[in-house]
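# Chain and residue survey
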Amino acid sequence: MSTSEVPYPFQFDSLRTHEPGIGPQNGITQDVTVKLPNVRGKIPSLQASRLRTMMLEAHGDPNKILAHACSYDGLSSRLVEEAGFPMVFLAGYAVSSSYGLPDTGYIAMAEMCDKIRDAVRQVSVPVMADGDTGYGSPLNVKRTVESFAAAGAAGVMIEDQQWPKRCGHTKGKSVVSREEAFARIKAACDARNQGLDIFILARTDALIHGWDEAMSRANEFRRLGVDAVFVEALPDREAMTRCVQEVGIPTFANIIEGGKTENLSAKDLAELGFCAVAYPWTLVAAHLRGLREALDGLKRSMTVGAPPMILTYDQVCEGVGFNKYWTPVKMVHISFPLIISVAVLASLGLGHPGHDVKHEAAERAAFLKRAPVQSRSLAQCASTLKARGVEDSNVARRANALQHLRQERRLSSPQYIKARDLDSVLATDHHSNLTGVNPSTDPSVIFASGGTCIVQPEVTQGPYYIAGELIRRNVAEDQAGVPLFMDIQLIDTNTCEPLPNIYTDIWHCNATGVYSGVVESGNGNANDQGNINTTFLRGVQPSGDDGVVRFESIFPGHYSGRAVHIHVVTHPANETKILPNGTIAGMYDSHSSHVGQIFFDQDLITEVEKTSPYSTNTQSLTENADDDILQMEADTTDPFMEYVLLGDSVSDGIFAWISIGVNVKRDDSLSPEGYWTEDGGEVNDDFEMSMAGMGDIAAALSSTSASAAATGSA
């Protein structure tokens with residue numbers, strides 16, 4: 001189907017007899033009878049039949065001609081088809097140019113076969129290829145024709161020039177003797193007749209020796225059984241008319257802008273009787289001019305501003321084929337090292353469909369194993385942070401925030417901290433081991449300690465990351481649940497300094513286990529298409545000069561396979577730009593320094609789950625002790641938020657805090673599951689869970705797979 005606004009001017013009735021999709025559908029075995037017209041080879045070829053049939057149709061109709069631009073690789077061939085041309089011709093001149101070479105015999109048969117395969121993979125129309133002189137003796141010619149047909153070519157052109165050949169419109173060319181020319185063409189026809197069908201175009205450059213020599217060769221080519229004849233470098237309309245009349249079978253022309261042949265229109269050539277006309281220089285010239293102009297424009301922009309916008313981002317993606325690569329059904333692509341045995345895959349636990357919890361746990365374990373000691377916790381920063389006054393600032397800030405929240409809600413009988421026993425962070429009973437805590441207790445006793453979430457270089461962002469989230473502190477929107485106020489401090493693990501101006505994403509499910517912005521089985525009502533346009537419990541905030549970012553939300557609910565958690569992503573300062581609509585620029589090329597998750601005490605979760613609407617959640621609850629990812633975290637880090645209840649019960653709200661260690665030297669790409677745009681939510685059809693740095697994991701999984709196989713065979 002053409003993507004061009006300019007229609008192709010010639011229509012072929014024979015194309016309707018070769019519509020695709022005539023074979024079995026959906027993989028069902030059935031008998032199919034196909035009638036292919038104008039077959040000449042021992043083994044029929046659909047594309048050779050299509051090409052030959054169109055040539056004959058044009059030969060018999062002065063209003064039709066197979067006019068085509070010559071291409072040189074897969075992309076240019078696809079663009080030719082998308083522009084509406086009914087065939088592709090890989091001309092020697094164009095293909096040579098793609099290697100940065102002139103058309104003087106540099107290209108060998110194997111290289112042309114590679115180009116044919118590249119083009120055939122990209123297009124559905126017939127592909128003709130330039131076989132030059134056949135690359136040697138008649139035996140070589142026969143092999144060339146057979147090889148081109150096997151590579152998928154529908155047609156081949158063989159000529160009578162001396163080797164090394166050259167463009168027919170350049171000086172210095174010469175031709176072989178009649179006998180050798182005839183032997184080449186006979187070998188080509190024999191290859192077709194005895195094997196896979198292919199359209200044979202015989203070319204002669206003998207016009208340099210006079211009209212009679214050229215016509216003598218052309219007529220002998222016809223007698224030997226070629227499908228069409230091409231007499232190169234006919235000078236004018238009179239010579240063209242005479243050639244068509246004397247040859248009597250389908251006749252080719254070519255038009256080189258400024259070349260030796262009079263530049264007639266394709267319509268004029270059709271009226272003269274030509275069945276086809278090639279334009280071998282057009283795309284090469286466009287390529288040369290376009291690249292040179294682009295390079296000049298880029299140089300001019302380097303001292304004044306942004307590079308020239310030749311095409312938009314979407315236009316480039318469409319042009320190189322991303323739109324065909326992305327399928328309407330969202331696919332999750334797993335990299336090769338993670339393609340392991342079915343037996344192992346069957347045993348893996350899933351949180352949401354497409355979210356592999358055990359793989360994520362393995363990734364986390366591999367990160368912690370590889371990470372330097374200073375990147376695994378903030379323990380080495382404790383004395384530095386205290387000496388620099390960061391701890392005192394934390395105490396004052398958190399105490400003031402808690403007091404303000406309680407006053408705002410008129411809460412006067414507060415519950416205090418439930419500090420955890422860090423020797424057993426996964427225990428379900430985490431009552432304070434502090435004694436005598438009351439409203440007069442020094443805030444430093446309560447707020448100086450803090451959980452530590454060490455976020456790793458991006459490996460997998462977990463489920464349902466949406467790029468382009470709104471920059472805002474309050475992400476709750478209209479979601480019912482226990483109010484949650486978070487104080488998150490970002491610390492550089494390399495310098496132990498707070499990190500200002502770092503944008504931090506958070507997202508989590510609602511009280512009943514549903515994420516906003518995603519329509520997918522396993523995420524609430526999969527039939528609720530409106531959920532893609534929701535943004536609840538998602539947001540981005542920059543850290544202040546003190547490295548602190550604050551969010552207001554609700555306590556997250558749960559979904560099957562994972563303990564209650566919140567996802568966190570930090571974006572490097574050099575990758576962020578704020579847009580007028582309140583989002584971060586670059587959402588189609590999203591970057592992050594780190595990805596992580598933060599958790600909550602099990603007994604706090606238990607209390608929250610007793611309240612509505614959490615109590616209406618019918619999904620199974622995974623406790624902290626059973627969460628594979630959390631188990632990995634607890635071995636070396638403390639990923640739990642410290643917290644204080646604002647009132648007498650969890651329903652009054654929770655104030656929680658944590659420190660996040662970030663290695664700002666990292667800058668990795670994210671693959672979002674969707675985008676938030678000015679027009680609402682969009683699905684990322686090319687979403688893939690990133691598996692960067694997975695060597696250790698792949699080896700472990702491979703070992704597991706091998707062990708499983710060995711066990712199964714024992």
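Residues numbered from 1 in each chain as written. Predicted model: local features only at pLDDT ≥ 70, side-chain atom pairs only at ≥ 80, totals over all residues. Heavy atoms only, no water.

As annotated in an unreviewed UniProt entry, the protein chain is Intradiol ring-cleavage dioxygenases domain-containing protein from Aspergillus niger.

### Re the packing of helix H7 (residues 211–224) against helix H8 (residues 237–247)
Note the following rule: Axes, fitted as lines to C-alpha atoms, cover a helix only where it is in contact. Angles between the N-to-C directions of the axes lie from 0 to 180 degrees. We count a stretch as a helix when DSSP gives it H or I for four or more residues in a row; a strand needs E for two or more, and each element gets its number in order from the N terminus. Throughout, a crossing is termed right-handed when the near helix is turned clockwise from the far one, and left-handed when it is turned anticlockwise from it by less than a right angle. We call two residues in contact whenever any of their non-hydrogen atoms come within 4.5 Å of each other. Each residue is assigned to one of three groups, with Ala, Val, Leu, Ile, Met, Phe, Trp, Tyr, Cys and Pro labelled nonpolar, Asp, Glu, Lys and Arg labelled charged, and all others, Gly among them, labelled polar.
Contact geometry of H7 with H8 gives a least axis separation of 10 Å together with a crossing angle of 35°. Seen from above, H7 lies across H8 with right-handed handedness. Contacts between H7 and H8 involve Trp211, Met215, Ala218, Asn219 and Arg222 on the former and, on the latter, Ala239, Arg242, Cys243, Glu246 and Val247. Residues that form the contact of H7 with H8 fall into these classes: six nonpolar, one polar and three charged.

### Notes on the side chain of threonine 622
What counts, and what does not: Here a polar contact means two N or O atoms within 3.5 Å. Within protein one must be a hydrogen donor candidate and the other an acceptor candidate, and residues neighboring in sequence count only if both atoms are side-chain atoms.
Note on placement: threonine 622 falls in the loop between helix H18 (602–609) and helix H19 (628–636). Within polar-contact distance, the side chain of threonine 622 engages the backbone nitrogen of glycine 561 at 3.2 Å. In this structure threonine 622 touches Ser560, Gly561, Arg562, Ala563 and Asp627, once residues within four positions along its chain are discounted.

### A look at the environment of valine 247
Using the following cut-off: Relative accessibility under 20% of the residue-type maximum defines a buried residue, over 50% an exposed one, and the middle range a partly exposed one, all with a 1.4 Å probe and only protein chains included.
Looking at where valine 247 falls in the secondary structure, it is placed in helix H8. What makes valine 247 buried here is its relative accessible area of 0%. Separated by 19 residues in sequence, valine 247 and alanine 228 place their C-alpha atoms 9.2 Å apart. When sequence neighbours within four positions are dropped, the list of residues in contact with valine 247 reads Met215, Ala218, Asn219, Arg222 and Val229.

### Examining the environment of methionine 54
Along the chain, the position of methionine 54 falls in helix H1 (residues 46–59). Remark: the alpha-carbon pair of methionine 54 and methionine 87, spanning 33 residues in sequence, is separated by 9.6 Å.

### Looking at a nonpolar patch on the surface
The condition is simple: What makes a patch is a set of residues exposed beyond 30% relative accessible area and free of salt bridges, joined within 9 Å when like-charged and within 5 Å when nonpolar (Val, Leu, Ile, Met, Phe, Trp, Tyr). For every accessible area listed, the method is Shrake-Rupley and the probe measures 1.4 Å; residues are considered covered only by the protein chains on display. A pairing counts as a salt bridge when a side-chain nitrogen of Lys or Arg comes within 4 Å of a carboxyl oxygen of Asp or Glu.
Residues Leu75, Leu79, Ile310, Leu311, Val316, Val320 and Phe322 make up a contiguous nonpolar surface patch of about 600 Å² in total accessible area. Here valine 316 is to be found in helix H11 (residues 313–320). Taking the relative accessible area as the measure of exposure, valine 316 reaches 42% and is therefore partly exposed.

### Considerations on helix H5 (residues 138–151)
This is how the line gets drawn: A helix is expected to reach a length of 1.5 Å times the quantity of its residues less one.
If you check H5, its first and last C-alpha atoms are 20 Å apart, about what 14 residues at 1.5 Å a residue would give, namely 20 Å. Listed in full, the buried residues belonging to H5 are Val141, Thr144, Val145, Ser147, Phe148, Ala149 and Ala151. Where H5 is buried, its residues meet helix H4 (109–122), strand E3 (127–130), strand E4 (155–159), helix H6 (178–194) and strand E5 (199–204). Looking one or two places after H5, you find glycine 152, whose phi comes out positive at around 115°.

### A short note on the layout of surface pockets
Filter applied, for reference: Using a 1 Å grid laid over the protein atoms alone, points where a 1.4 Å probe fits but cannot get out form a cavity; open sets with protein on both sides within 12 Å along at least 5 of 7 lines form a pocket; any residue with an atom within 4 Å of a point counts as lining. Grid points are joined across faces, edges and corners, and a volume is the space filled by probe spheres set on the points.
Space inside the largest pocket adds up to approximately 850 Å³. At the level of secondary structure, the elements contributing two or more residues to the lining of the largest pocket comprise helix H2 (74–82), helix H10 (282–301) and H11. Here the lining of the largest pocket gets six residues from one element, more than from any other, and that element is H10. When the residues that make up the lining of the largest pocket are grouped by side-chain class, the tally is 14 nonpolar, seven polar and three charged.

### So, the packing of H4 against H5
What counts, and what does not: Angles are sorted into four bins: roughly parallel if under 35 degrees, roughly antiparallel if over 145, roughly perpendicular if 65 to 115, and oblique for all others.
It is at 9 Å that the axes of H4 and H5 come closest, and there the two elements cross at 25°. Relative to H5, H4 is oriented roughly parallel. The element H4 and its partner H5 pack so that their crossing is right-handed. Along the contact surface, H4 presents Met109, Met112, Cys113, Ile116, Arg117 and Val120, while H5 presents Arg143, Thr144, Ser147, Phe148 and Ala151. Of the residues in the contact of H4 with H5, the class split is seven nonpolar, two polar and two charged.

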